[in-house]
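# Descriptive analysis of the structure
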Amino acid sequence: TETIVGVPVRSYENRTASLASGRDGSHYLVICAKDCVVSVCLERRSSVQVPYPEGEAGFAYSSLPSSRGMVYTGAGKWFFEFDPSRGEFLRSCPVSTDGCAAFSLAEGDDGCIWFANYPDCSLYRYDPATGRCEVVARLDESEKYPQSLVFDPAGWVYAGVGSERAAVHGFCVRTGQ
């Protein structure tokens, strides 16, 4: 049988959504739209609309559910940690002065969240345990679009970069190369 839940939010547009298992054991559809995040609890069939902190009014391009039950995204120059179980943002950190803070994201084996921004095409590491966010490397000097991030079992993070000149860049977490 099909159940129609309804329209969770009237928004300009959404560009990303994630299915997350919350810390409370419930499952959430987290929709990242312009100006806000909408968290829909699938078990309770309820939703909450939460504006981005820091007065951010930008678009989110990508989001990532983590193994810890959080959802990570970026809008404008800010990177955000959202707890769908509580329906609130826990942390935010400024990343980029222009463009999109988190264009692509991945979770490392150590639980850290790695993301790349547009237009700088820089790789960042966010440690949820400390709230520390740091730039790690510039992925490409001329390309602006870090389309995807993925980890391999050996501890390398790979970034698919570019729209004009496609390339794959690798970064070894252990050595920093």
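My aim in this report is to walk through the structure given alongside it, one point at a time. Numbers given to residues run from 1 along each chain, matching the order in which its sequence is written. Given that the model is predicted, a residue must reach a pLDDT of at least 70 before its local features are reported, and side-chain atom pairs must reach 80 or more before they are shown or counted; all residues, however, enter totals for whole chains, interfaces and linings. Note: side-chain values were computed over all heavy atoms of the structure, leaving out hydrogens and water.

## So, the sheet that holds strand β14 (residues 156–161)
Using the following cut-off: Criterion used throughout: strands pair if DSSP finds at least two bridges between them. Helix numbering and strand numbering both begin at the N terminus, where a helix is a DSSP run of H or I of at least 4 residues and a strand a DSSP run of E of at least 2. As a rule, the C-alpha atoms of each element are fitted with a line to give its axis, helices using only the stretch in contact, and angles between N-to-C directions run from 0 to 180 degrees.
A sheet is described by the order of its strands in space; here 3 strands give the open sequence β13-β14-β15, paired in antiparallel fashion. Each edge of the open sheet carries a strand with a single partner, namely β13 (146–151) and β15 (167–172). Strand-to-strand twist across the sheet, computed as the mean angle between neighbouring axes with direction ignored, equals 20°. Relative to β15, β14 runs antiparallel, the two being bridged by 6 bridges. Across the sheet, Gly160 pairs through a bridge with Val168, a residue of β15.

## With respect to the pattern of salt bridges
Note the threshold: By definition here, a salt bridge exists when the distance from a side-chain nitrogen of Lys or Arg to a carboxyl oxygen of Asp or Glu is within 4 Å. Each residue's exposure class comes from its accessible area (1.4 Å probe, protein chains only) as a fraction of the maximum for that residue type: buried when under 20%, exposed when over 50%, partly exposed otherwise.
One pass over the full model with this rule turns up 11 salt bridges. Linking Asp24 and Arg44 is a salt bridge whose minimum nitrogen-to-oxygen distance equals 3.9 Å. Of this pair, Asp24 sits in the loop between β1 (14–21) and β2 (27–33) while Arg44 sits in the loop between β3 (36–41) and β4 (46–51), placing them 20 residues apart in sequence. For the salt bridge of Arg165 with Asp140, the shortest nitrogen-to-oxygen distance reads 2.9 Å. On the criterion of sequence distance, the pair formed by Arg165 in the loop between β14 and β15 and Asp140 in the loop between β12 (132–138) and β13 is long-range, its members being 25 residues apart. Relative accessible area serves as the criterion here: at 39%, Arg165 is assigned to the partly exposed category. Beyond isolated ion pairs, a larger network of salt bridges with shared partners links Asp110, Arg125, Arg132 and Glu134.

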